[in-house]
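The lines below spell out each chain.
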Amino acid sequence: MGKFSIPSLTKRQWATAFVIAFADFCSAVCISLQAPFYPAEAERKGATASQYGFVFGCYELTVFLTSPLFGKYLAKLIPKFMLNGGLVVTGVCSILFGVLDKIDDTTAFIGLSFAVRVIEALGSAAFLTAAFAIIAAEFPSSIATTFACLETFFGLGLIVGPTLGGFLFQMGGYMLPFTVLGVLLIAAALFTYALLPAAEHCDSPQSGLFRILRIPSILLASFSVFAASTSVGFLSATLEPHLRQFDLMPVSMGLMFVIEGGIYAITAPVWGYLCDRKVQPKIVTLIGSIFIVVGFLLIGPAPFLPLDTTLNLAITGLVIMGFGVGAELVSGFISALQEATFHGFPNNLSTYGLVSGLWTSTFALGAFVGPSLAGILFDQVGFRYSTLFVITTNALLRRLSPGILAVPEQYQTANYSTLAGEDYGPEDERSNARAKRESMVSSLKDGMANPEWMTSEQSI
């Protein structure tokens, strides 16, 4: 058992990690910036909750629809260009969003808010897809650890965004928060242009999203990301009305939303390290699903538990849930990437783009479905019964993964290893490496002591 340590990084890797971490933070702040004051501004213009709620929802829906396309054409568009372009588009749209308060007509205000938000989502989808692919390409020996560490900065941005937005709004009105964040995003684009190394060119993949989605283990990884983001989105819409019974001060209520995100930001690097060095990612996914189920059992608490709703119980549930969200999101990315290469996709930037686009899209889908369905369930059956949706969704992960805890250790290594020269050496070296891997995996499958154990292709 080795000690937990930070991998030795080259100057190129440090530069890559620094600029993407800074851009991740700024992008997350921009995403969550308007939550404290945009609804009030929209209502002042005469908009209803349904109208301005769709302005928020269209962002995640756009990311869901477009991320796979950005992932598919990542190699043609060049990752660094896509990342820089995404940041600039997001920054400009943030500034434009800040001048919408000058419009008094309700229809024009909502319509332009919707249009700007959709274009901003396109920039965010491009940036996130390119960033995840670059991480996989630049940190091949510690993809999960690096991905998780950078996700920490994104999580911190989601936490800081509403607080910073409220402060800047109080200091300078509606326009100031969006202008400050827009300038920061454009500055982040300049940083990435100057410091981020250019990724090596590779051919576009011969097959794309539909082929990768035919692999059951990748569907399982995608479902884990969906389950985690749905859980987070569910609370964003229902936690405040659920806790309203305790008459918390605004600051205290805000801190309740920080708990889950803070735990995720702190623990994500640990889950990444475990996926890289110690534990098969799908096992981490199962552990995460258990944490989320237990967390939601306590936050309500679940209607079948003989417990009353208390603040301490809700806080405990949020802490436990934070551990689970980190586990499912991190393991979902690395598991999908490993399974793609094992099932014949080349270990290069094209595949990284496909997987990162799939991850971003699935996360956005959960972030859209979570709050949308949560509001309906909350109105119909109340918070305690509505939590059964999240509990059932995460419990399904265990039902969809029979046999993975019985995977022989030798097969785990063969399953998730890329042999030297397999994808980057001359053609004869690549052919020999692939032949060796296929022979090794075939012999391990033939010699398994437990014939009832199912391979990853049969695991669902």
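Cut-offs used in this document
Residues numbered from 1 in each chain as written. Predicted model: local features only at pLDDT ≥ 70, side-chain atom pairs only at ≥ 80, totals over all residues. Heavy atoms only, no water. Helix = DSSP H or I, 4+ residues; strand = E, 2+ residues; numbered from the N terminus. Buried < 20%, exposed > 50% of the residue type's maximum accessible area, 1.4 Å probe, protein only. Contact = heavy atoms within 4.5 Å. Areas by Shrake-Rupley, 256 points an atom, 1.4 Å probe, with all protein chains shown as cover. Core = buried A, V, L, I, M, F, W, Y, C linked by side-chain atoms within 4.5 Å. Domains from an automatic or database assignment. Phe/Tyr/Trp six-rings, centres within 6.5 Å; stacked < 30°, edge-to-face > 60°. 1 Å grid on protein atoms, 1.4 Å probe; cavity = no way out; pocket = protein on both sides within 12 Å on 5 of 7 lines; lining within 4 Å. Points joined across faces, edges and corners; volume = space filled by probe spheres on them. Nonpolar A, V, L, I, M, F, W, Y, C, P; charged D, E, K, R; others polar. Expected span 1.5 Å × (residues − 1). Salt bridge = Lys/Arg side-chain N within 4 Å of Asp/Glu carboxyl O. pLDDT = per-residue confidence, 0-100. Axes fitted to C-alpha atoms, helices over the stretch in contact; angles between N-to-C directions. Parallel < 35°, antiparallel > 145°, perpendicular 65-115°, else oblique. Left-handed = near helix turned anticlockwise from the far one by under 90°. Patch = residues over 30% accessible without salt bridge, like charges linked within 9 Å, V, L, I, M, F, W, Y side chains within 5 Å.

Undergrad: Would you mind going over the overall build of the chain in detail, with residue names and values included?
TA: A tally of helices and strands in the chain yields 17 helices and zero strands. Classification of the 460 residues of the chain by burial places 52% in the buried group. Taking as baseline every contact in the chain between residues at least 6 positions apart, the subset at least 24 positions apart corresponds to 84%. Roughly 20,000 Å² of accessible area belongs to the chain as shown, and the carbon and sulfur atoms make up 66% of that amount.

Undergrad: Before we move on, could you go through the nonpolar core and cite the residues and values that matter?
TA: Soluble globular proteins tend to pack their nonpolar side chains together in the buried interior. In this structure, Ile20, Leu83, Leu87, Ile212, Leu235 and Phe296 are the most contacted members of the largest nonpolar core, which totals 87 residues. Counting only domains with at least three residues in this core, you end up with domain 1 (11-198) and domain 2 (207-405). The contacts of Leu235, once residues within four sequence positions are left out, are Phe257, Phe296, Ile299, Leu318, Met321 and Phe383. With 18 residues, the next largest nonpolar core counts Val29, Leu33, Phe37 and Tyr174 among its residues.

Undergrad: Pulling in residues and values, what's your account of the packing of aromatic side chains?
TA: Centre-to-centre distance and the angle between the planes together describe a pair of aromatic rings. Evaluated as defined, the whole model comprises nine aromatic pairs. Relative to Phe178, the ring of Tyr174 has its centre 5.1 Å away and its plane inclined at 50°; by these criteria the two rings are tilted. Across this residue pair, the class does not change: Tyr174 and Phe178 are buried. When the ring of Trp359 is compared with that of Phe363, the centres are 5.5 Å apart and the planes differ by 10°; the resulting orientation is stacked. Of this pair, Trp359 and Phe363 both sit in helix α14 (residues 349-381), four residues apart, roughly one helical turn. What makes Phe363 partly exposed here is its relative accessible area of 22%.

Undergrad: A description of unusual backbone geometry should follow, citing residues and the corresponding values.
TA: In the segment running from Gly300 into Pro301, the intervening peptide bond is cis, with an omega of -10°. Among the secondary structure elements, Pro301 is positioned in the loop between α12 (281-299) and α13 (311-342).

Undergrad: Tell me about empty space enclosed by the protein, and please be specific about residues and values.
TA: Counted according to the given criterion, the structure contains two cavities of 30 Å³ or more. If you add up the space inside the largest cavity, you get close to 60 Å³. Forming the boundary of the largest cavity are Ile218, Ala221, Ser222, Val225, Gly332, Ala336, Val355, Leu358, Trp359 and Thr362. Of all the secondary structure elements, the ones that give two or more residues to the lining of the largest cavity are α10 (216-243), α13 and α14. In terms of residue class, the lining of the largest cavity is made up of seven nonpolar, three polar and no charged.

Undergrad: Before we move on, can you summarise helix α1 (residues 11-32) with the specific residues and values?
TA: Given a rise of 1.5 Å per residue, 22 residues ought to cover 32 Å, and the 32 Å separating the end C-alpha atoms of α1 matches this to within 8%. Along α1, 16 of the 22 residues are buried, which leaves the element largely enclosed by surrounding structure.

Undergrad: Can you break down the pattern of salt bridges residue by residue, with the values?
TA: Where side chains of opposite charge bring their charged atoms close, a pairing between them can arise. Tallying each qualifying case throughout the model produces five salt bridges. Lys45 is the partner of Asp104 in a salt bridge, and the nearest nitrogen-oxygen pair spans 3.4 Å. One end of the pair, Asp104, is in the loop between α5 (79-97) and α6 (106-138); the other, Lys45, is in the loop between α2 (38-44) and α3 (49-72), and 59 residues separate them in sequence. The class of Asp104 is exposed, set by a relative accessible area of 61%. A relative accessible area of 6% places Lys45 in the buried class. In this structure, Glu120 engages Arg117 in a salt bridge whose closest nitrogen and oxygen atoms are separated by 3.0 Å.

Undergrad: Go over the side chain of Ser222, please, and point to the residues and values.
TA: You can see Ser222 is positioned in helix α10. Not counting residues up to four positions away in its chain, the partners in contact with Ser222 are Leu358 and Thr362.

Undergrad: Could you give me a rundown of the environment of Gly324, with the residues and numbers involved?
TA: Turning to its location among the elements, Gly324 is positioned in helix α13. Separated by 57 residues in the primary sequence, Gly324 and Thr267 have C-alpha atoms spaced 9.4 Å apart. Beyond its immediate sequence surroundings of up to four residues, Gly324 is in contact with Gly288, Phe291 and Ile292.

Undergrad: Describe the confidence of the model for the chain, naming the residues involved and giving the relevant values.
TA: Considering every residue of the chain, the mean pLDDT works out to 76; 80% of them sit at 70 or more. Taken element by element, the chain is modelled with least confidence in helix α16 (residues 409-415), mean pLDDT 40, and with most confidence in α12, mean pLDDT 90. Within the model, the stretch residues 403-426 combines pLDDT values under 50 with 55 contacts to residues more than four positions away or in other chains.

Undergrad: Could you give me a rundown of the packing of α5 against α6, with the residues and numbers involved?
TA: Relative orientation of the contacting elements α5 and α6 amounts to 150°, with a least axis distance of 7 Å. Taken as axis vectors, α5 and α6 run roughly antiparallel relative to one another. Viewed along their axes, α5 and α6 form a crossing whose handedness is left-handed. In this structure, α5 contributes Pro79, Lys80, Met82, Leu83, Gly86, Leu87, Val89, Thr90, Cys93, Ser94, Leu96 and Phe97 to the contact, and α6 contributes Ser113, Val116, Ile119, Glu120, Gly123, Ser124, Ala126, Phe127, Ala130, Ala131 and Ile134. Looking at the contact of α5 with α6 residue by residue, the classes come out as 15 nonpolar, six polar and two charged.

Undergrad: Can you break down a nonpolar patch on the surface residue by residue, with the values?
TA: On the surface, a nonpolar cluster with roughly 340 Å² of combined accessible area is contributed by Val88, Val92, Leu96, Val99 and Met175. At three residues, the largest contribution of residues to the nonpolar patch is made by α5. Relative to the helices and strands, Val88 resides in helix α5.

Undergrad: Can you explain α5? Please cite residues and give values.
TA: In this model α5 runs 27 Å from its N-terminal to its C-terminal C-alpha over 19 residues, within 8% of the 27 Å that 1.5 Å per residue would give. By the burial criterion, the buried members of α5 are Pro79, Lys80, Met82, Leu83, Asn84, Gly86, Leu87, Thr90, Gly91, Cys93, Ser94 and Phe97.

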